[in-house]
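As a plain string of letters, each chain reads:
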There are 2 protein chains.
Amino acid sequence: MIGTDVFKITKTKNSKLASLDMDRLPFGRYFTDHMLEVDYENGAWGEVSIKPYQPISFDPSLAAIHYGQAIFEGVKAYKNKAGEVFIFRPEDNFKRFNISAERMEMPTVPEEIFMEGMKQLVKVDEAWIPEKHDYSLYIRPFMFATDEAIGVRPSLTYKFMIILSPTGPYYSEPMRIYAEEKYVRAVPGGVGFAKNAGNYGSSLYPSAEAKRKGYDQVLWMDAFEHKYVQECGTMNVFFIIGNTAITPSLNEGTILAGVTRDSVIELLKELGLNVEERRLSMDEIVEAYKKGTLREVFGTGTAATISPIKELAYKDFVMKFDVDKWTVAPDVKKRMSDIKEGNVEDSFGWLVKV
Amino acid sequence: MIGTDVFKITKTKNSKLASLDMDRLPFGRYFTDHMLEVDYENGAWGEVSIKPYQPISFDPSLAAIHYGQAIFEGVKAYKNKAGEVFIFRPEDNFKRFNISAERMEMPTVPEEIFMEGMKQLVKVDEAWIPEKHDYSLYIRPFMFATDEAIGVRPSLTYKFMIILSPTGPYYSEPMRIYAEEKYVRAVPGGVGFAKNAGNYGSSLYPSAEAKRKGYDQVLWMDAFEHKYVQECGTMNVFFIIGNTAITPSLNEGTILAGVTRDSVIELLKELGLNVEERRLSMDEIVEAYKKGTLREVFGTGTAATISPIKELAYKDFVMKFDVDKWTVAPDVKKRMSDIKEGNVEDSFGWLVKV
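Fair warning: this is a prediction, and the values are worked out from it, not measured in the lab. For every chain, the first residue of the written sequence is number 1, and numbering continues from 1 along that sequence. Chains and ligands are labelled sequentially in the order written, the chains with letters from A and the ligands with numbers from 1. Totals for whole chains, interfaces and linings use all residues, but because this is a predicted model, local features are given only for residues with pLDDT of at least 70 and pairs of side-chain atoms are given and counted only at 80 or more. Excluding hydrogens and water, the side-chain figures rest on all heavy atoms present in the structure.

A separate point is the overall build of chain A. What chain A contains, in helices and strands, is seven helices and 19 strands. The C-alpha radius of gyration computed for chain A amounts to 21 Å, which stays within 12% of the reference 20 Å derived for 354 residues, consistent with globular compactness. Each principal axis of the C-alpha distribution contributes one length, and for chain A these read about 60 × 55 × 35 Å. Across the 354 residues of chain A, 61% fall into the buried class. Helical segments are the DSSP runs of H or I of at least four residues, strand segments are the runs of E of at least two, and each set is numbered from the N terminus. With C-alpha atoms as the basis for the radius of gyration, the globule rule is written as 2.2 Å multiplied by the number of residues raised to the power 0.38. Exposure is judged per residue with a 1.4 Å probe applied to protein chains only, and the accessible area is read against the type maximum: over 50% gives exposed, under 20% gives buried, and values in between give partly exposed.

Let us now look at the relation of the copies chain B and chain A. The copies are overlaid by a least-squares fit using only the C-alpha atoms of residues whose pLDDT is at least 70 in both copies. Least-squares fitting of chain B to chain A yields an RMSD of 0.0 Å, with the superposition described by an axial translation of 0.0 Å and a rotation of 180°. These values place the two chain copies in the arrangement generated by a two-fold rotation axis. Most of the interface of chain B is mirrored in chain A, where 100% of its interface residues are also at the interface. Two residues form a contact once any of their heavy atoms are found within 4.5 Å.

The subject of this paragraph is the domain arrangement of chain A. Residues and elements named next belong to chain A. Where each domain begins and ends is defined by an automated method or by a domain database. Domain annotation for chain A reports domain 1 (4-169) and domain 2 (175-333). Summarising the inter-unit geometry, the C-alpha centres of domain 1 and domain 2 are found 28 Å apart. Residue-level contacts link 19 residues of domain 1 with 19 residues of domain 2. Buried area between domain 1 and domain 2, summed over both chains or domains, comes out near 1600 Å², and the portion from carbon and sulfur atoms is 61%. By definition, the buried area sums, over both parts, the 1.4 Å-probe accessible area that each loses when the two are put together. Sorting the residues of domain 1 by area buried against domain 2 places Phe72, Arg96 and Arg103 first, and these three jointly supply 37% of that buried surface. Think of a salt bridge as a Lys or Arg side-chain nitrogen and an Asp or Glu carboxyl oxygen that are within 4 Å of each other. One can count two salt bridges joining domain 1 with domain 2. In this structure, Arg89 and Asp262 form a salt bridge, with 2.9 Å as the shortest nitrogen-oxygen distance. At the level of secondary structure, the elements contributing two or more residues to the side of domain 1 that touches domain 2 comprise strand S6 (70-72), strand S7 (75-79) and helix H2 (90-103). The greatest single-element share of the side of domain 1 that touches domain 2, amounting to six residues, is contributed by H2. Here the nonpolar group is Ala, Val, Leu, Ile, Met, Phe, Trp, Tyr, Cys and Pro; Asp, Glu, Lys and Arg are the charged ones; every other residue, Gly included, is treated as polar. Of the residues assigned to the side of domain 1 that touches domain 2, the class counts are nine nonpolar, three polar and seven charged.

All names here are of chain A. Pairing analysis gives four bridges linking strand S17 (residues 305-314) to strand S18 (residues 317-320), with the strands arranged antiparallel. Among the inter-strand pairings, Glu311 is bridged to a residue of S18, identified as Lys320. By this definition, two strands are paired if DSSP reports at least two bridges between them. Connecting the antiparallel pair S17 and S18 is a turn made up of two residues, with Lys315 showing a positive phi of about 50°.

Bringing the packing of aromatic side chains into the picture now. Only rings of Phe, Tyr and Trp enter the pairing, Trp through its six-membered ring, and a pair is recorded when the two centres are within 6.5 Å. The plane angle decides the type: under 30 degrees is stacked, over 60 is edge-to-face, the rest tilted. Tallied over the entire structure, the rule returns 46 aromatic pairs over all chains. Here A:Tyr289 and A:Phe321 contribute two aromatic rings whose centre-to-centre distance is 5.6 Å and whose plane-to-plane angle is 80°, an arrangement assigned as edge-to-face. Here A:Tyr289 is found in helix H6 (residues 282-291), whereas its partner A:Phe321 is found in the loop between S18 and helix H7 (328-340), with 32 residues between them in sequence. Here the aromatic cluster, defined as three or more aromatic residues joined through ring pairs, consists of A:Tyr40, A:Trp45, A:Phe94, A:Phe97, A:Phe114, A:Tyr158 and A:Phe160. Geometry around A:Phe317 places A:Lys290 over its ring, the cationic atom sitting 5.0 Å from the centre. Geometrically, a charge over a ring is one whose NZ (Lys) or CZ (Arg) sits within 6 Å of the ring centre while staying within 35 degrees of the ring normal. Over the aromatic face of B:Tyr228 sits the side chain of B:Arg279, whose NZ or CZ is 3.8 Å from the ring centroid.

Residue and element names in this part refer to chain B. Mapping Thr244 onto the fold places it in strand S14 (residues 244-247). Linking Thr244 and Asn274, residues 30 residues apart in sequence, is a C-alpha distance of 4.6 Å. Setting aside residues no more than four positions away along its own chain, Thr244 makes contact with Phe239, Leu273, Asn274 and Glu276. A polar atom in the side chain of Thr244 sits 3.5 Å from the side chain of Asn274. Polar contacts here mean pairs of N or O atoms no more than 3.5 Å apart (in protein, one a potential hydrogen donor and the other a potential acceptor; neighbouring residues in sequence count only if both atoms are side-chain atoms).

A separate point is the interface of chain B and chain A. The parts lose accessible area when they come together, and the size of an interface is often stated as this lost area. On the side of chain A, 63 residues touch chain B, which itself brings 63 residues to the contact. For A:Glu105, the salt bridge is made with B:Arg212, and the minimal N-O distance between the two is 2.9 Å. Summed over the shared surface of chain B and chain A, the number is 18 residue pairs in polar contact (both at pLDDT 80 or more). Sorting the residues of the side of chain B that touches chain A by element identifies strand S5 (56-58), helix H1 (63-67), strand S6 (70-72), helix H2 (90-103), strand S9 (136-145), strand S10 (158-167) and helix H4 (197-212) of chain B as the ones contributing at least two each. In terms of residue count, H4(B) provides more of the side of chain B that touches chain A than any other element does, ten residues in total. Looking at the side of chain B that touches chain A, its residues break down into 38 nonpolar, 15 polar and ten charged. One ladder, built from three bridges, connects strand S5 (residues 56-58) of chain A with S5(B); its direction is antiparallel. Paired with A:Ser57 across the bridge in S5(B) is B:Ser57.

All right, on to the side chain of A:Ser263 then. Residues and elements named next belong to chain A. When you line up the elements, Ser263 lands in helix H5 (residues 259-270). Its relative accessible area of 0% is what places Ser263 among the buried residues. At 2.8 Å, the side chain of Ser263 and the backbone oxygen of Val259 are in polar contact. Beyond its immediate chain neighbours, meaning those up to four positions away, Ser263 contacts Phe88, Arg89, Met336 and Trp350.

The next subject is helix H5 (residues 259-270) of chain B. All names here are of chain B. The length a helix should cover is 1.5 Å for every residue beyond the first. With twelve residues, H5 ought to run about 16 Å at 1.5 Å a step, and its terminal C-alpha atoms sit 17 Å apart, in line with that. Among the residues of H5, Val259, Thr260, Arg261, Ser263, Val264, Ile265, Leu267 and Leu268 are the ones counted as buried. Two residues or fewer past H5, Gly272 is found with a positive phi of approximately 95°.

On to the environment of B:Val264. All names here are of chain B. Relative to the helices and strands, Val264 is located in helix H5. Val264 sits in the buried class, given a relative accessible area of 0%. A sequence separation of 132 residues divides Val264 from Lys132, and the C-alpha atoms of the two residues are 22 Å apart. Apart from the residues lying within four places of it in its own chain, the contact partners of Val264 are Phe238, Phe298, Thr300, Ile306, Val332 and Met336.

Before going further, it helps to examine the pattern of salt bridges. In a structure, side chains of opposite charge can pair up when their charged atoms sit close to one another. Counted under the stated rule, the structure contains 44 salt bridges over all chains. The partner of A:Lys315 in a salt bridge is A:Glu181, with the nearest N and O atoms 2.6 Å apart. Of the two residues, A:Lys315 is situated in the loop between S17 and S18 and A:Glu181 in the loop between strand S11 (175-180) and helix H4 (197-212); the sequence distance between them amounts to 134 residues. Overall, the relative accessible area of 55% leaves A:Lys315 in the exposed class. B:Arg176 is paired through a salt bridge with B:Glu311; the nearest N and O atoms lie 3.0 Å apart. Note that B:Arg176 is positioned in strand S11 (residues 175-180) and B:Glu311 in strand S17 (residues 305-314), a separation of 135 residues in sequence. B:Arg176 gets classed as partly exposed once you look at its relative accessible area, which sits at 24%. Its relative accessible area of 10% is what places B:Glu311 among the buried residues. Overlapping salt bridges bring together A:Glu37, A:Asp39, A:Lys51 and A:Lys159 as one network.

Structure below.
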């Protein structure tokens, strides 16, 4: 294990913290005083430095810009009432990061660099962690190809970084979405399970089309029949039908294995619901809606946390929900907040103390 | 039309040209003295500057790195024996660039900036154009998202650049490839027809797997049945069966509409072959091989030009070809070189004089 002595820490002399309005924090707009940076070359990771947040210089031929060899993660840190700092399930993000790295033919990042680096960085900037309810310190680890040449091949050099952003809620209102039947996010054999940059860029046009039609986002369907539910691009999705919670399975490799998705599955079981991870068709959803058994629909994600979907359209059929009467999503959200904020015991062992 | 007076040209005082070995030019490794740069913000493109090739500075939250909103093109310039400079079909790359831009929810680039900018830049660095046979000046226009914030949404700001690389052949040897049945490059409704960064990053692991198995590259198959030919990732692909040339059609939106592909179709017709753009299954290819009617298989691309495929594997069946006995691919390649290098009349109107 790399000791903290291997981290070269240089602190800023000019903190930006005083200029930050802690009560108005749009998602991902502001960054803390420091960042973590480490380069990979000649088959090895170099010295890990934590230093003042600053621009990076790159050659216009930077491989990541031309060929999209770039991955990231999203993690959150919280401060409890006693002032203790915790990160939510970072080990799961670490594992997923390296799964993404492998699929993108990038080097894996050692656990010591990812985990200990994250803790060290959060510690340095712990004054930036908002204490307001529903607020947190969003942690963004990412890695990108840094070769300066323009042939299509795996880069020989990479940069791994972590930056931090104090942030409020991602989606503030219940969402209106529709089942996307024309555009496709992922297919078995593709990269849908990886958190690579290209998955997000490719989703922007369909998402913008949704906005132009007056919706907030699309619900992606399978690539073959355009009727099996996948995910929302920034969120996994859950359907509560009767006493059963159904969410698409990870088996086909087309959706992201969300850490919040996994946490919500545990909390739903705790609430006494049956949880099924399986294929789920829009026909089944519409049928349940018509029978009155489709109780709730919501998205889950690190950034999005738990976001109610108040309207879901499929072809010409629109399903509407009275979000105020829901019980499951609010219960899960409250339980998760209580755990994250340290109001109740962390019986799942999800919190890692900094 | 933007006149040349709108281009702000600043020339370098320290040319790197003297240090370049014009007889040893690996693809995309060296760049010329100047680059073109223009920024998009507040819904409009700003001043176009041609200036000394230099690093760019960016914030670690650069949208393109996190979400892959990035596209590019590949174009080539040649110098004929009289010393005149020509660019090969840049209008077609311009059109495709903006098709990619639209799919990635990016602003289109005005023709004046793309075309006139490219010509101006090539003119400034025309001393860098290699005159050796099979060598050229590779032109790389590209655009990427420059917002400095990490929410998943279309960037509000972008940078369009052109850089130039004097270069030799991309693939020097006939290739060995196999039909990829596990990994998938593109699916209808996806971004396979666009030249976005993510398409290339996603292909690196399957390509590296091919190399680990002793092959040069994969031949992508369709996403549904894994048996209809698509493309090679950096090349479109042609099969000569009897007196017919067959290449996958563009109808499904899963392959790149190659400019070289289109040129080769014209040259094949000129040679008297029937050309069919249609679905082509590996079964049909294997059957033609067994009957002795599959004469040639080759890839086409701006970087790759025309690259013979000497070995093609499908499941356990390996098709081998005696490339030295081929006539079609060499004829097409020679005809195209003659046009590009000005040895024969450009009857297709493909060359644009600088």
